[in-house]
Amino acid sequence: MLFETVVLLLPFTLSLARPPPIIDDASPPRATVYSGCKVNNTVALTFDDGPYIHMNNISDMLTNASAKGTFFVNGHNYDCIYDKKVAARVQYAYEQGHQIAAHTWSHPDLSSLNMTEMADEFTKINDALLKVLGIKTPFMRPPYGSYNNLVRQVAYQMNQSLVVWDLDSGDSVGATLQESEGNYTMAIASRPANILALNHETVKTTAASLVPFAINALQNAGYQLVTVADCLGLDAYSYQADQVGTWDKSWFCPEDEDGDDN
Ligand SMILES: [Zn+2]
């Protein structure tokens, strides 16, 4: 009888003694990285490094072609996002239905920063987008497409995914207009299911010539020009106020205070 009890209890005892599953503390959660679109027949044209002087013009060209684009904006790169006329550009593109997402405050290579510096770069542009547009964006693009695991960890804590690209127009790395147009022509010729294209709002020839060329070539090839969110099948914003913000004295770039305005 005693023997029988021991046998019956043995499996239970063993299962209690089993060690708990190993949790890998060395791998805190990391943000998703999107390097391409997901929805068939879509193209997301993206424009980095603004808000700058070409934003309204690009917005209008897209709108007039029944297209949508996405602007990955900085807080203080070419211009200060809190300047009245600069904030007005961001609000203009946003109100036309183009997507606005984050590209850090000052455009550093995030992979060279420590966690505190990195969090500051995320927080300051996210705060600015909340003030200027009344939005929270779930998308950010790391400058230069440069990221490491720490960047992904910080982005995860900010409830943001990273968005890079699968077609670089080359407009910020020395390509001529003809070469940039050629990059689109070659990409279209291979008939991909979708394209996530990198351009820069700050490049004059992009605003003047490359954007109309790309819109025309892509639409003639049958692609829908949509926002990054739509090409991924996701929501553009995790929060949207009823209306955009109104300028007040808290809207300023701290770098302007000490004369370091670049
Ligand atoms: Zn950039």
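The structure presented is a predicted model; accordingly, all values stated were derived computationally and were not measured. (Residues numbered from 1 in each chain as written. Predicted model: local features only at pLDDT ≥ 70, side-chain atom pairs only at ≥ 80, totals over all residues. Heavy atoms only, no water.)

1. Focus: the nonpolar core
Here is a general trend for soluble globular proteins: nonpolar side chains tend to be buried in one another's company.
Phase 1: Of all hydrophobic cores here, the largest spans 70 residues; its most connected members are Leu 45, Ile 81, Tyr 82, Ile 100, Leu 129, Leu 133 and Leu 218.
Phase 2: The greatest single-element share of this core, amounting to 7 residues, is contributed by helix H4 (residues 115-133).
Phase 3: Non-local contacts of Leu 133, meaning those with residues more than four positions away in its chain, are made with Val 90, Gln 91, Tyr 94, Ile 100, Ala 128, Gln 243, Val 244 and Gly 245. (Core = buried A, V, L, I, M, F, W, Y, C linked by side-chain atoms within 4.5 Å. Buried < 20%, exposed > 50% of the residue type's maximum accessible area, 1.4 Å probe, protein only. Helix = DSSP H or I, 4+ residues; strand = E, 2+ residues; numbered from the N terminus. Contact = heavy atoms within 4.5 Å.)

2. Thoughts on the state of the cysteines
Phase 1: By the definition in use, this model includes 2 disulfides.
Phase 2: Bridging Cys 37 to Cys 231, the disulfide has an S-S length of 2.2 Å. Residues Cys 37 and Cys 231 are joined through a disulfide that is left-handed, its torsion about the S-S bond being -80 degrees. In this pair, Cys 37 is assigned in the loop between strand S1 (33-34) and strand S2 (42-48) and Cys 231 in helix H8 (residues 228-232), connecting sequence segments 194 residues apart.
Phase 3: On the basis of relative accessible area, Cys 231 is assigned to the buried category, the value being 0%.
Phase 4: Paired through a disulfide, Cys 80 and Cys 253 show a sulfur-sulfur distance of 2.0 Å. Disulfide Cys 80 to Cys 253: torsion about the S-S bond roughly 95 degrees, handedness right-handed. Taken together, the residues span a long stretch of sequence, with Cys 80 in the loop between strand S3 (69-73) and helix H3 (84-95) and Cys 253 in the loop between strand S11 (239-240) and helix H9 (254-257) at a distance of 173 residues.
Phase 5: Taking relative accessible area as the criterion, Cys 253 reaches 1% and is therefore assigned buried.
Phase 6: If the cysteines joined by disulfides in the protein chain are listed in sequence order, their pairing comes out as 1-3, 2-4. (Disulfide = S-S within 2.5 Å.)

3. Description of the pattern of salt bridges
Phase 1: Under the defined criterion, the tally for this structure stands at 4 salt bridges.
Phase 2: The partner of Asp 79 in a salt bridge is Arg 89, with the nearest N and O atoms 3.0 Å apart. Within this pair, whereas Asp 79 is found in the loop between S3 and H3, its partner Arg 89 is found in helix H3, the two being separated by 10 residues in sequence.
Phase 3: Judged by relative accessible area, which is 11%, Arg 89 ranks as buried.
Phase 4: For Asp 120, the salt bridge goes to Lys 124, with nearest N and O atoms at 4.0 Å. Of this pair, Asp 120 and Lys 124 both sit in helix H4, 4 residues apart, roughly one helical turn.
Phase 5: Looking at Lys 124, the relative accessible area reads 22%, which means it is partly exposed.
Phase 6: One salt-bridge network, in which partners are shared between bridges, spans Asp 120, Lys 124 and Glu 255. (Salt bridge = Lys/Arg side-chain N within 4 Å of Asp/Glu carboxyl O.)

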